[in-house]
Each structure stands twice: as structure tokens, then as C-alpha cells.
Amino acid sequence: MDKIKLKDGTIIEIKESSNGGSFRMRFSDPQEYLTTLAMLTQDNLSAYQVQTNEGLVCANPVNKECLTQMVSPLWADDGTLAGLDVTFNLTDVDLLAKAVKELQVGQQALQEGQEIQDGAIEELAKMSGGEV
């Protein structure tokens with residue numbers, strides 16, 4: 001089995017991959033799928049490695065995100081859920097959209113800081129007997 005080594009050092013064993021564009025796994029329990037999906041954060045996929053079974057690096061993708069998955073249920077002969085076959089699709093991060101989002105977060109933090117400062121000035125003015 002090939003492996004993916006995420007930015008945080010977590011290693012995920014995969015059934016097959018396409019050198020960073022997608023990879024496939026089988027899960028016996030839906031909770032395992034959700035746990036793996038939670039590890040596939042944009043930060044963890046900002047720089048990771050795809051490795052062969054022998055540990056040789058075959059790809060070093062950067063700036064990826066996992067926005068979609070194709071989930072196929074695996075059924076046992078008795079009709080119960082035996083597991084999930086999941087293909088995780090990795091796409092390039094829109095770096096412009098990411099930069100705009102970071103700027104918006106920074107602008108919001110500045111606005112909140114300004115509101116706190118304005119409130120402190122007003123409170124100080126009231127305490128010193130001045131009117132604002």
C-alpha cells in the first residue's frame with residue numbers, strides 16, 4: 001500500500017493514488033472515514049508527500065484541499081454495511097481566494113480592536129468627568 005505523509009507528520013495508508021490528485025481507501029467503520037477526513041485539512045494538505053510502499057517519495061503536492069469525496073458503501077452478504085470505499089479528490093487551493101479571506105479576517109480583527117479602543121476612551125472620559 002502507498003502512503004500519504006501529511007504536513008503534521010500523520011501517515012495515512014492508501015489503497016491507490018494518482019500522485020496527489022486523488023487517493024482511495026477502504027474503511028470497515030464509517031467513523032474511521034470521518035476521522036481520516038478530519039485530518040485532511042487545508043493546512044495538512046498545504047505540503048505533503050505521496051510515498052510508495054517502500055517509503056520512496058513519488059510526489060510532493062502543495063496547496064491542495066479535499067472538497068469532495070466519492071463514497072461507495074460495501075455490503076455484506078447478509079445486507080449489512082461491511083464498510084466504505086472512498087475516493088478523496090484533491091484540488092488546487094485558490095490562492096487568491098485564500099489571500100482575500102485572510103485579509104478579511106485581519107480587517108475584522110482590526111475593526112474589533114478599534115471598537116474596544118473607542119469604548120475604553122469613552123469610559124475613561126466618563127471616569128474623568130468629561131462628556132463624550
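Quick caveat, the model's predicted, so the values are computed rather than measured.

(A) The arrangement of the state of the cysteines in detail. Enumeration over the complete set of coordinates arrives at 0 disulfides. The thiol of Cys-58 is not disulfide-bonded; the next cysteine sulfur, from Cys-66, is found 18 Å away. By relative accessible area, which is 34% here, Cys-58 ends up partly exposed. Residue Cys-66 is classed as buried on the basis of its relative accessible area of 13%.

(B) Quick look at the pattern of salt bridges. Overall, the coordinates contain 5 salt bridges when judged by the stated rule. A salt bridge links Asp-85 to Arg-24; its shortest N-O distance comes to 2.6 Å. Taken as a pair, Asp-85 in strand β8 (residues 81-92) and Arg-24 in strand β4 (residues 22-27) lie far apart in primary sequence, 61 residues in all. For Glu-122, the salt bridge goes to Lys-126, with nearest N and O atoms at 3.5 Å. Pair noted here: Glu-122 and Lys-126 are both in helix α2 (residues 95-127), with a separation of 4 residues, about one helical turn.

(C) How the structure looks around the packing of aromatic side chains. Inspection of every chain in the model, using the stated rule, returns 4 aromatic pairs. With a centroid separation of 4.9 Å and an interplanar angle of 20 degrees, the aromatic rings of Phe-23 and Phe-88 are classed as stacked. Of the two residues, Phe-23 is situated in strand β4 and Phe-88 in strand β8; the sequence distance between them amounts to 65 residues. Of the two residues examined, Phe-23 and Phe-88, each falls in the buried class. Aromatic side chains Tyr-33 and Phe-88 sit 6.0 Å apart centroid to centroid with 40 degrees between the ring planes, which places their arrangement in the tilted category. With Tyr-33 in helix α1 (residues 30-39) and Phe-88 in strand β8, the pair connects residues that are 55 residues apart, well separated along the chain. By the burial criterion, Tyr-33 is buried, and Phe-88 matches it. Three or more aromatic residues link up through ring pairs in this structure, and these residues are Phe-23, Phe-27, Tyr-33 and Phe-88.

Here is what the cut-offs are and how they apply
Residues numbered from 1 in each chain as written. Predicted model: local features only at pLDDT ≥ 70, side-chain atom pairs only at ≥ 80, totals over all residues. Heavy atoms only, no water. Disulfide = S-S within 2.5 Å. Buried < 20%, exposed > 50% of the residue type's maximum accessible area, 1.4 Å probe, protein only. Salt bridge = Lys/Arg side-chain N within 4 Å of Asp/Glu carboxyl O. Helix = DSSP H or I, 4+ residues; strand = E, 2+ residues; numbered from the N terminus. Phe/Tyr/Trp six-rings, centres within 6.5 Å; stacked < 30°, edge-to-face > 60°.

Nothing here speaks to function; it is all geometry.
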